[in-house]
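One-letter residues, chain by chain:
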Amino acid sequence: MPLARSLSVTSLSGLEEWDEEFDLEDAVLFEIAWEVANKVGGIYTVIQTKARLTAEEWGENYFLVGPYVESNVRTQVELIEPTDPVLKRTIDKMNSSGCKVYFGRWLIEGSPYVILIDVAFTAWSLDRWKSELWELCDIGVPWFDREANDAVLFGFLTAWLLGEYAAQSEEPPHIVAQFHEWLAGLGLVLCRHRQLPVATIFTTHATLLGRYLCAGNVDFYNNLAQFNVDKEAGDRQIYHRYCLERAAAHCAHVFTTVSQITAIEAEFLLKRKPDIVTPNGLNVKKFSAMHEFQNLHAQSKNRIQEFIRGHFYGHLDFNLDKCLFLFIAGRYEFSNKGADIFLEALARLNYLLRVNQSDVTVIAFFIMPARTNNFNVETLKGQAVRKQLWDTAQTVKERFGKKLYESLLVGQLPDVSKMLDKEDFTIMKRAIFATQRQCQPPVCTHNMLEDSSDPILNCVRRIGLFNSSADRVKIIFHPEFLSSTSPLLPMDYEEFVRGCHLGVFPSYYEPWGYTPAECTVMGIPSISTNLSGFGCFMEEHIADPSAYGIYILDRRFRGVDESCNQLTSFLFQFCKQSRRQRIIQRNRTERLSDLLDWRYLGRYYISARHMALAKAFPDTYVYVPHEPNSTSGFRYPRPASVPPSPALSRHSSPHHSEAEDNDEDERYDEDLEAEKDRVNIRQPYTTPFKNKSSAVLGANGNSDSVTSEKN
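Within any chain, residue numbers begin from 1 and follow the written order of that chain's sequence. pLDDT decides what is reported in this predicted model: residues at 70 or higher carry local features, side-chain atom pairs at 80 or more are listed and counted, and totals for whole chains, interfaces and linings draw on all residues regardless. Values reported for side chains reflect all heavy atoms of the structure, with hydrogen atoms and water molecules removed beforehand.

Looking at the environment of Ser 526
1) Next: Helix and strand definitions follow DSSP, with helices as H or I runs of at least four residues and strands as E runs of at least two, each counted in order from the N terminus. The topology assignment puts Ser 526 in strand β16 (residues 526-529).
2) Next: Note: C-alpha distance between Ser 526 and Pro 506 (20 residues apart in sequence) is 9.8 Å.
3) Next: Residue contacts are counted whenever heavy atoms from the two residues lie within 4.5 Å of one another. Ignoring any residue separated from it by four or fewer positions in sequence, one finds Ser 526 in contact with Leu 502, Gly 503, Phe 505, Pro 516, Cys 519, Thr 520, Phe 534, Gly 549, Ile 550 and Tyr 551.

So this is what it looks like as structure tokens:
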């Protein structure tokens, strides 16, 4: 399938000369999404992390619009009176007409204004609005689809809000409204139908039909042009949702999506090619010294090791210092997220490690929330036994220390054979007997409600990885979100990621991929695919991703078995790296975080808004997109030193590393390499508007260093 590119490609070089300075003094931006101050999925992360940059650009003229959820408002939002007189009149008018609209500040970075609409309070209008939707668009919404009903209410209320704001304005306003996903899309359709003075943008983060089709194990990407989209949506009982999404995509002045792979998908399924690709970014916080993030890795790794000591008590016959922690995390979509291919690759990796008599042990974590009723008793017991052993060791240490102290006080060297008495040995023997275990360490940390039909557990049973002593690969399935308050694994997700060695995300359907992006920002190597937005983005900007710890698995042009073999090769070669090579690779991975900073990627959203303003208000705004001469972007070069990844781990893109020897005495100068890399990336982009903040996130000007740590 040819890779048809959108107008604005995801190449940073395509934007370096875009210097239009739009006067935003009389413009106002509304960003509308169901996940404003309401965490449901990845869109919440997009909006939350981008808010600071957008607030700097638009200042007091930036408003986020979302649903009012009382439990979220109590912890995330400070309710205040509107400062904008036009908006105050708008909200007062809506509240007096039978709505409940709240205004406040979202307590996140940037403290943006939020307008929260109580959807349930206006449920009495649902039937009337659904009838109006049918008359206007021939879209019928069934009564039993609560999510679609909420979308209808939210859409009509947001259109009401924007229309009322325009009516209350003394001068003709220049309103930009960006709608995220189908749940907010109806508001866009109504704005266009009512001919409101609003420049509209629709952003899809994943198409509805694409997600459903991939979950049904179809050959999705090879049959994109052949799908009968109406029939497929109808067969899955989402035709009304699909119609709302498609209508929003076609009615918008500007249609955007988050990656090139999703742009192709949208062109075939939604029948419109996106105008601009807007990749997702993160707020990157640089450390004052490079070794700080390496130290954080060591600290978090030690905490994971403590959990491992308890989980594998009685079977702890492997060296924790030669233990690698791999993980996969995200929504529990067994095939879409690539858990199926990851498990199969782990089985093959286990065979390779055993045949080659490797002393490396791999522990693979599956962090995927599922339905459970409680913690596994055996798992909790393991942590209790570990704590008991620690307490015993501390007791004996104190007794030993006291005797040693008394011996030194009288001027005698201690007789070590007499320092531990019979009681001490009794205490230690009892502790050792408590670690005896007749069963294998559990695979799952919880009691699953549907154990017999769980996809991960059934696959584990098929491949036979039951955490036996003979296996070099162990599996731990943790079916809930990580939390620092957990009695089992008391770590937040960020701490856990920092403590791991490799994130594995072999997704078949991944419009962007925040999990590998978060790994990159924290300096943790990761495996993604050329079917994920993140993987495609990195292939485009890095000459040799694998040398920087970004392994790209080919799931687009290879069969499942070939892809599984490639993943197995990546994992096996990673296991063969030395400690020093892993440290070097983490330094390189962390340097790529500049590419994922909103200071760079936020400019795509800026361009989308400029384009929308020019289309909606051509008499006031002019937008001439810069067509790049090259689509290569910032091509990070292959590092000057030998890549830490062995030659067989090279990724599947046309840009391969040359095969070179890879020993402990390899040529490497971290400071020199870091300086060469910085030449390939510009200073962080600053918004050229009058109301932007003066605070600019600077590039990391400190020298990088290879630090020693127990890894």
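Some words on the packing of aromatic side chains
Within a pair of aromatic rings, the relevant descriptors are the distance that separates the centres and the angle that separates the planes.
1) Next: Classification of ring pairs uses Phe, Tyr and Trp, with its six-membered ring standing for Trp, and accepts pairs whose centres are within 6.5 Å; under 30 degrees between planes counts as stacked, over 60 as edge-to-face, and the remaining range as tilted. As enumerated under the stated definition, the model contains 29 aromatic pairs in all.
2) Next: Between the aromatic rings of Phe 103 and Tyr 113, the centroid separation amounts to 5.1 Å while the plane-to-plane angle is 35 degrees, which identifies the pairing as tilted. Separated by ten residues along the polypeptide, Phe 103 in strand β4 (residues 101-106) and Tyr 113 in strand β5 (residues 113-117) bring together distant segments of the chain. Both residues of the pair, Phe 103 and Tyr 113, count as buried.
3) Next: On the numbers, 4.8 Å between centres and 80 degrees between planes, the contact of Phe 220 with Tyr 221 is edge-to-face. There is no split in this pair, since Phe 220 and Tyr 221 are both buried.
4) Next: Counting every residue linked through ring pairs, the aromatic cluster contains Phe 307, Phe 325, Phe 327, Phe 365, Tyr 493, Phe 496 and Phe 505.
5) Next: Here the guanidinium or amino end of Lys 50 rests over the ring plane of Tyr 605, the centre of that ring lying 4.6 Å away. Accessibility here uses a 1.4 Å probe with only protein chains present; expressed as a share of the type maximum, an area under 20% marks a residue as buried, one over 50% as exposed, and anything in between as partly exposed. By the criterion adopted, a ring carries a charge over it if an Arg CZ or a Lys NZ lies within 6 Å of its centre and within 35 degrees of its normal.

Observations regarding helix α5 (residues 146-168)
1) Next: For α5, with 23 residues, the first-to-last C-alpha span of 33 Å sits near the 33 Å given by 1.5 Å per residue.
2) Next: Counting buried residues in α5 gives 17 out of 23 residues, a clear majority hidden from the surface.
3) Next: If you check the start of α5, you find a side-chain oxygen 3.3 Å away from the backbone N of Glu 147, and it comes from Asp 145. Here the expected length of a helix is defined as 1.5 Å per residue gap, with one fewer gap than residues. Polar contacts, as used here, are pairs of N or O atoms within 3.5 Å; protein pairs need one atom able to donate a hydrogen and one able to accept it. Residues neighboring in sequence count only if both atoms are side-chain atoms.

Notes on the pattern of salt bridges
Note that side chains of opposite charge can pair when their charged atoms are close.
1) Next: Each salt bridge in this description consists of a side-chain nitrogen of Lys or Arg and a carboxyl oxygen of Asp or Glu lying within 4 Å of one another. In total, this model carries 35 salt bridges according to the counting rule given.
2) Next: Residue Lys 50 pairs with Glu 31 through a salt bridge whose shortest N-O separation is 2.7 Å. Of the two residues, Lys 50 is situated in helix α1 (residues 42-58) and Glu 31 in strand β1 (residues 27-32); the sequence distance between them amounts to 19 residues.
3) Next: On the basis of relative accessibility, which here comes to 0%, the residue Glu 31 falls in the buried class.
4) Next: Among the ionic pairs, Arg 348 bridges to Asp 561, the shortest N-O distance being 2.8 Å. Separated by 213 residues along the polypeptide, Arg 348 in helix α12 (residues 339-355) and Asp 561 in helix α20 (residues 560-575) bring together distant segments of the chain.
5) Next: According to the relative accessible area criterion, Arg 348 is partly exposed, its value standing at 22%.
6) Next: What emerges from the salt-bridge pattern is a single network uniting Glu 344, Arg 348, Arg 462 and Asp 561.

Describing the nonpolar core
1) Next: We call a set of buried Ala, Val, Leu, Ile, Met, Phe, Trp, Tyr and Cys residues a nonpolar core when their side-chain atoms join them within 4.5 Å. Counting residues in each nonpolar core, the largest one holds 77 residues, and the members touching the most others are Phe 30, Ile 32, Ile 115, Leu 162, Phe 179 and Phe 220.
2) Next: Examining the composition of this core, we find that twelve residues originate from one element, α5, more than from any other.
3) Next: Taken domain by domain, the makeup of this core includes at least three residues from each of domain 1 (27-277) and domain 2 (291-376 + 442-596).
4) Next: Once residues within four sequence positions are removed from consideration, Ile 115 is found in contact with Phe 30, Phe 63, Leu 64, Val 65, Gly 66, Leu 87, Val 101, Tyr 102, Phe 103 and Leu 161.
5) Next: Core analysis: the next-biggest nonpolar cluster, separate from the first, contains 66 residues, Leu 326, Leu 349, Leu 457 and Cys 459 among them. Where a domain begins and ends is set by an automatic assignment or by a domain database.

Observations concerning the packing of α1 against helix α22 (residues 598-616)
1) Next: Between N-to-C directions, angles cover 0 to 180 degrees, with each direction set by a line fitted to C-alpha atoms, over the stretch in contact for helices. Axis separation between α1 and α22 bottoms out at 10 Å; the angle between their running directions is 70 degrees. Here α22 runs roughly perpendicular to α1, going by the angle between their axes. When α1 is examined against α22, the residues Val 46, Thr 49, Lys 50, Arg 52, Leu 53, Thr 54, Glu 56, Glu 57 and Trp 58 are found in contact with a partner set consisting of Trp 598, Arg 599, Gly 602, Tyr 605, Ile 606 and Arg 609. Just so you know how the angles are binned, under 35 degrees is roughly parallel, over 145 roughly antiparallel, 65 to 115 roughly perpendicular, and the rest oblique.

Focus: the packing of helix α6 (residues 181-193) against helix α9 (residues 239-251)
When two helices pack together, their arrangement is given by the angle between the helix axes and by the axis-to-axis distance.
1) Next: Close contact between α6 and α9 brings their axes to 8 Å; oriented N to C, the two are set at 50 degrees. What the angle tells us is that α6 and α9 run oblique. By crossing handedness, the relation of α6 to α9 is classed as left-handed. In contact with Trp 182, Gly 185, Leu 186, Leu 188, Val 189 and Arg 192 of α6, α9 contributes Arg 241, Leu 244, Glu 245, Ala 247, Ala 248 and Cys 251.
2) Next: We call Asp, Glu, Lys and Arg charged. Ala, Val, Leu, Ile, Met, Phe, Trp, Tyr, Cys and Pro are nonpolar, and the rest, Gly among them, are polar. Within the contact of α6 with α9, the residues separate by chemical class into eight nonpolar, one polar and three charged. A clockwise turn of the near helix away from the far one marks a right-handed crossing, whereas an anticlockwise turn of less than a right angle marks a left-handed crossing.

What about the sheet that holds strand β17 (residues 550-553)?
1) Next: Pairs of strands are assigned from DSSP output, requiring at least two bridges between the strands. Taken in spatial order, the six strands make up an open sheet running β14-β11-β10-β15-β16-β17, and their pairing is parallel. Two strands in the sheet have a free side with no partner beyond their single neighbour: β14 (473-478) and β17. In this sheet, adjacent strand axes meet at a mean angle of 25 degrees when their direction is disregarded.
2) Next: Each of β10 (323-329), β11 (361-367), β14, β15 (502-504) and β17 is contacted by α12, which is oriented at about 170 degrees to β11, the strand it contacts most.
3) Next: Along the sheet face, α20 touches β10, β11, β15, β16 and β17 and points at about 160 degrees away from the line of β17.

A word on the environment of Lys 322
1) Next: Its location among the elements puts Lys 322 in the loop between α11 (291-311) and β10.
2) Next: Of the residues examined, Lys 322 reaches a relative accessible area of 39% and is grouped as partly exposed.
3) Next: Lys 322 sits 257 residues away from Arg 579 along the chain, and the two C-alpha atoms are 9.1 Å apart.
4) Next: Not counting residues up to four positions away in its chain, the partners in contact with Lys 322 are Asp 359, Val 360 and Thr 361.

Considering the pairing of β17
1) Next: Across the two faces of β17 the burial is the same, with Ile 550 and Ile 552 and Tyr 551 and Leu 553 all buried.
2) Next: Summarising the sheet, β16 and β17 pair through four bridges and their orientation is parallel. Paired with Thr 529 across the strands is Leu 553, a residue of β17.
3) Next: Handedness of the β-α-β unit built from β16, helix α19 (residues 533-541) and β17 comes out right-handed. Place the viewer so that the strands point away; then a crossover is right-handed whenever the path from the first strand over the helix to the second strand goes clockwise.

Structural notes on the sheet that holds β4
1) Next: As summarised here, the arrangement of the nine strands in space is β3-β4-β5-β2-β1-β6-β7-β8-β9, forming an open sheet in which the pairing is mixed. Looking along the sheet, the strands with just one partner apiece sit at the ends: β3 (77-79) and β9 (276-277).
2) Next: Bridge count between strand β7 (residues 198-204) and strand β8 (residues 254-257): four bridges; the pairing is parallel. When the bridges of β8 are listed, Phe 202 appears paired with Phe 255.
3) Next: Along the sheet, α9 contacts β7 and β8; its crossing angle with β7, the most-contacted strand, is approximately 130 degrees.

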